[in-house]
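Architecture and fold: a report
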Amino acid sequence: MDATKRVACDRGLFNPVSTMGMQVAFILVLSHCFQLVLKPLGQPGPIAQILSGFVLGPSGLSHISAVKKIFFQDLTGDYYETMALFSRIIIMFLIGLETDIPYLVRNLRPASILACGGCVTCTVFAAAITPFIYHQTGAHGPMFTMALTIAVIFSNAASPIVIRLAAELKFATTDFGRLVISSSLISDMYSVVLLVVSSESKAEKKFMHWVLFGCLAFLLVVAVIILNMYLANWLNRRNRNQKHLKNAEAFGILSVLVVTAMTIESMGFNSIVACFLIGSMFPKGGKTGRTLLPKLNYSVHNFILPIYLGYMGFQADMTTINSLASLGVVAVVLLLSLGGKISGTLAACYYLRIPMNEGVLFAFLMNVKGHVDLVSISVGLQSNVVTSTQFYGLMLASIVTNTLIVGPIIVYIVRRENESLGYRHVALEWQDPEIELRMLACVHNPRHVSTIVGLIAALRGSERGPITPYLMHLIELPDQKSKDNSLMYHQREDDELSDEDNYGGNEVVEINEAVDAFTAETGVVVHQVKAVSPFLNMHDDVCARAEETRASIILLHFHKHQRIDGKMEPGKEGIRTTNQKVLRHSKCSVAILVDRGLTNSVAATRGGGGYKGSVSGSESLQHVATLFFGGPDDREALGFSRRLSMHHHINLTIIRFLAAADRDRNVGLNVAHNKEEDDVLMMSVCSSDRETESEADTAILTEFYNRYVTSGQVGYVEKYVETGAETASALRDMADMYSLFIVGKGGRGHSPLTTGMSDWEECPELGTVGDLLGSSDFDLSGSVLVIQQHRISSSDDDER
């Protein structure tokens, strides 16, 4: 009778599937409860999720007999392994989608050195400790296989958890954070290679058999990457007038991924690297990439990753540590795992001259466990080569304990090093034009997108000056949500994820089309984001996004737009207010674009719901003028122009305005030719009472002249004027000569060169000269870019 009841129970409520479902539900609930408690203490989500599984598992509540009978059913382990496999497939594909491949390629050497420093040391330690663990756990089978398994446990850096930690602790977008993520990915790749070698050694396959299946798996991955490119392009064309793909289309792409991964697994290889490669090579631009990223991000971060990490904690059974010998094994594993990664990583940091404080944080981040190592010990147990269940339990307990120990240490170090890891703006004045430029461009409507993406293309300059652009669509949130407001509210589509996607309407489609055309032509991926808020606090969204992305400059468009007759027509006053607030509160430089269209640079034609044509300015030579009066804003404008000069279709001219009285005093820049050395030297003859600002102006102009003007890459002109009227006259004389004028907002004090020009000032946010050039009364055919350099105030110092 008891047996009958037990069978009925197994087939009824408490079967393996329902058991797994209950565990998943309890893990999600407990993880949210722990996060409510731990988040105010600064602990990130992964720690709460691992801890929830740990509490629910055999080391916690499941240690009670009644709970254990419910949560541990026969065949449940098979369901868990299947769930973990599908979770890894989606997680690694998403990591590949989000990985900044150009950054990884540019920094492959330091990332590889940092990863290999810890991995090599850990492998040596693993080989040394294997005999001790082998005998203490009573294992059977090849000792070499156990050595490889322990090496995987020591070397693994759990890139999904590292990425999540970096995102929650808000340093994922820093150079340090991106280097950590890149190194963790390389460490995982190293661990996967060891895992494949150990799997093949356990399977006792012939070498040629292994090579054949390896080549087939590689060809399959290449074929799927090519297929995804064609599939993504076809779906983008098919959904031209829609914001996103349909759910069925997104499911079809993921089905191709899952079938590929399962095929590779059936060949006897691990699919982690394959899924990452497929994700990293997936087309980032277009509607397909824009649809997959938010959908997968939401699913992975809210469901898949918490369940995956919770199950890791659920597996740990501390009851296996039931003797002094087993406690010694766990202690040795923890010490050598931590010691190997810390010593190896610090040695690599010393070689790369990375500061010690960052090196220590780097070492602990590389010590996070819970990814490839879990696969390794599971494969070892299932293959019956390392037949010691005690080894499996002790290693699992060590992995979970390691992450639970390292997590709070990482949080403590990040808090202590918050100043060095925080947002540190470096003005364009001091930036080398060959380093990466991160910028945030903001648009309110599609009207200005073509000019802005053309400017982004020009800033890209050459391959030596990489750029990471973000395009932020700012949408006004009305005071009351009403269905009759067709410009702001639209019926919810079946594939939308958030209420914010309801705003923007067809403008979103037009902006997407323009950005997609730009990406297809230039290959530069523009990261699109959206902010829906009232004009009252819209500047907070802009400044917060700039800080989050570590942008060096924010690009805003002027609140006025050009009519067909050439006059500037005022737009919404809220746009102007937002610009003024961003200028006051931003922690980086800000540029306002008075858009009159870059002549011939953006041959955009509207049609098919978007913009088509040349958006990179590659069809004609553009004449750009940088007006230099002096002061920090003009120096920032010069630093901005330095990047434009690297573009082969930009003809840049620096026009310096000087007081006519300085002509006789020879204050301008003089060039002397040294015939013996056949080089050009710049000499500045300054008056004895030269002020600091003037010295800074001369210094940056001298450096700019020597580097760009003497080589013929940039033109240089000096104009001597006496009053603001003469300055305005000189500006009118060159009105039709350039398609873009770049000028600093101000910061030059009471200069005689602009005296009287502010009498008709209409828009102070553009500065004296910018306001004149952007005025409807000024007959100018070119666009104007007004730049303000960020000044570090006392409040900034207090925050930092």
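The model shown is predicted, which means the values in this text are computed figures rather than measured ones.

1. Looking at the nonpolar core
- Core analysis: the largest hydrophobic core is formed by 111 residues, its most contacted members being Phe93, Ile133, Met395 and Ile410.
- Per-element accounting of this core gives the leading share, 12 residues, to helix 18 (residues 389-416).
- Apart from residues lying up to four places away in sequence, Ile133 is in contact with Met146, Ile150, Val329, Val333, Phe391 and Met395.
- The next biggest cluster of nonpolar side chains, apart from the first, holds 48 residues, and it includes Cys588, Leu766, Val769 and Leu773.

2. With respect to the pattern of salt bridges
- Under the criterion given, the structure shown has 19 salt bridges.
- Measuring nitrogen to oxygen at the nearest pair gives 2.2 Å for the salt bridge that ties Arg238 to Glu249. Pair noted here: Arg238 is in helix 11 (residues 207-238) and Glu249 is in helix 12 (residues 247-266), with a separation of 11 residues, a long-range link.
- Measuring nitrogen to oxygen at the nearest pair gives 3.6 Å for the salt bridge that ties Arg545 to Glu548. Taken together, the positions of Arg545 and Glu548, both in helix 22 (residues 538-549) and three residues apart, correspond to about one turn of that helix.
- In this structure Glu548 comes out as partly exposed when scored by relative accessible area, which is 44%.
- Taken together, the shared-partner salt bridges connect Asp100, Arg106, Asp175, Arg178, Glu436 and Arg438 into one network.

3. Description of the packing of helix 20 (residues 449-460) against helix 21 (residues 506-522)
- Between helix 20 and helix 21, whose axes approach to 10 Å, the crossing angle comes to 25°. Taken together, the axes of helix 20 and helix 21 lie roughly parallel to each other. When the axes of helix 20 and helix 21 are compared, the crossing they make is right-handed. Along the contact surface, helix 20 presents Val449, Val453, Ile456, Ala457 and Arg460, while helix 21 presents Ile511, Ala514, Val515, Phe518 and Thr522.
- Residue composition of the contact of helix 20 with helix 21, grouped by class: eight nonpolar, one polar and one charged.

4. Describing the side chain of Ser641
- Following the sequence through the fold, Ser641 ends up in helix 24 (residues 632-644).
- The exposure class assigned to Ser641 is buried, which follows from its relative accessible area of 0%.
- When neighbours within four sequence positions are excluded, Ser641 is seen to be in contact with Thr626, Leu652 and Ile742.

5. Some points on the environment of Val709
- Considering the arrangement of structural elements, one finds Val709 in helix 25 (residues 692-709).
- Residues Val709 and Thr653 lie 56 residues apart in sequence; the distance between their C-alpha atoms is 9.1 Å.

6. Quick notes on the pairing of strand 11 (residues 650-659)
- Counting buried residues along strand 11, nine of its 10 residues qualify, which places the element largely inside the surrounding structure.
- For the crossover that starts at strand 10 (residues 622-628), traverses helix 24 and ends in the parallel strand 11, the hand is right-handed.
- Sheet topology places strand 11 next to strand 14 (residues 715-721); seven bridges connect them, and they run parallel. Note on strand 14: the bridge partner recorded for Thr653 is Gly715.

7. Side note on the sheet that holds strand 15 (residues 740-744)
- Taken in spatial order, the 10 strands of this open sheet run 3-2-1-4-7-16-15-10-11-14, and their pairing is mixed. Of all strands in the sheet, those with a lone pairing partner are strand 3 (527-533) and strand 14, marking the two edges. Each adjacent strand pair in this sheet contributes to an overall mean axis angle of 20°, direction not counted.
- Its contacts with the sheet place helix 21 against strand 1 (437-443), strand 2 (467-476) and strand 3, and it is angled at close to 165° to strand 2.
- Running at roughly 160° to strand 4 (residues 553-557), helix 23 (residues 573-585) makes contact with strand 4, strand 7 (589-594) and strand 16 (783-788) of the sheet.

8. What about unusual backbone geometry?
- Even without glycine at this site, Ala158 takes up a positive phi of about 50°.
- Mapped onto the fold, Ala158 is located in the loop between helix 8 (143-155) and helix 9 (159-168).
- Since its relative accessible area comes to 0%, Ala158 is described here as buried.
- A positive phi angle, near 65°, is found at Lys170, a position not held by glycine.

9. With respect to the packing of helix 7 (residues 108-136) against helix 15 (residues 324-352)
- Interhelical geometry of helix 7 versus helix 15 gives an angle of 155° and a closest axis separation of 8 Å. It follows from the interaxial angle that helix 7 and helix 15 lie roughly antiparallel. Crossing handedness for the pair helix 7 and helix 15: right-handed.
- Residue classes in the contact of helix 7 with helix 15 are distributed as 18 nonpolar, 10 polar and two charged.

10. Remarks on the confidence of the model for the chain
- With 80% of its residues at a pLDDT of at least 70, the chain reaches an overall mean of 79.
- Across residues 671-690, confidence stays below pLDDT 50; counting only partners more than four residues off in sequence or on other chains, it has 34 contacts.
- Between residues 794-800, whose pLDDT stays under 50, and residues either more than four places distant or in other chains, the model counts 10 contacts.

11. Some words on a nonpolar patch on the surface
- A grouping of Leu212, Leu216, Phe218, Leu219, Val222, Ile226, Met229, Tyr230 and Met281 is seen on the molecular surface, where their side chains present a nonpolar patch of about 870 Å² in accessible area.
- Mapping Phe218 onto the fold places it in helix 11.
- By relative accessible area, which is 54% here, Phe218 ends up exposed.

12. A closer look at the packing of aromatic side chains
- By the definition in use, this model includes eight aromatic pairs.
- When the ring of Phe93 is compared with that of Phe282, the centres are 6.0 Å apart and the planes differ by 85°; the resulting orientation is edge-to-face. Here the residue Phe93 occupies a position in helix 5 (residues 76-98), and Phe282 occupies one in the loop between helix 13 (272-280) and helix 14 (286-315), the gap between them amounting to 189 residues. Like Phe93, the residue Phe282 is buried in the burial classification.
- Aromatic pair Phe629 and Phe657: ring centres 4.5 Å apart, planes at 5°, arrangement stacked.

The rules we used
Residues numbered from 1 in each chain as written. Predicted model: local features only at pLDDT ≥ 70, side-chain atom pairs only at ≥ 80, totals over all residues. Heavy atoms only, no water. Core = buried A, V, L, I, M, F, W, Y, C linked by side-chain atoms within 4.5 Å. Buried < 20%, exposed > 50% of the residue type's maximum accessible area, 1.4 Å probe, protein only. Helix = DSSP H or I, 4+ residues; strand = E, 2+ residues; numbered from the N terminus. Contact = heavy atoms within 4.5 Å. Salt bridge = Lys/Arg side-chain N within 4 Å of Asp/Glu carboxyl O. Axes fitted to C-alpha atoms, helices over the stretch in contact; angles between N-to-C directions. Parallel < 35°, antiparallel > 145°, perpendicular 65-115°, else oblique. Left-handed = near helix turned anticlockwise from the far one by under 90°. Nonpolar A, V, L, I, M, F, W, Y, C, P; charged D, E, K, R; others polar. Right-handed = clockwise from strand over helix to strand, strands pointing away. Pairing = 2+ DSSP bridges. pLDDT = per-residue confidence, 0-100. Patch = residues over 30% accessible without salt bridge, like charges linked within 9 Å, V, L, I, M, F, W, Y side chains within 5 Å. Areas by Shrake-Rupley, 256 points an atom, 1.4 Å probe, with all protein chains shown as cover. Phe/Tyr/Trp six-rings, centres within 6.5 Å; stacked < 30°, edge-to-face > 60°.

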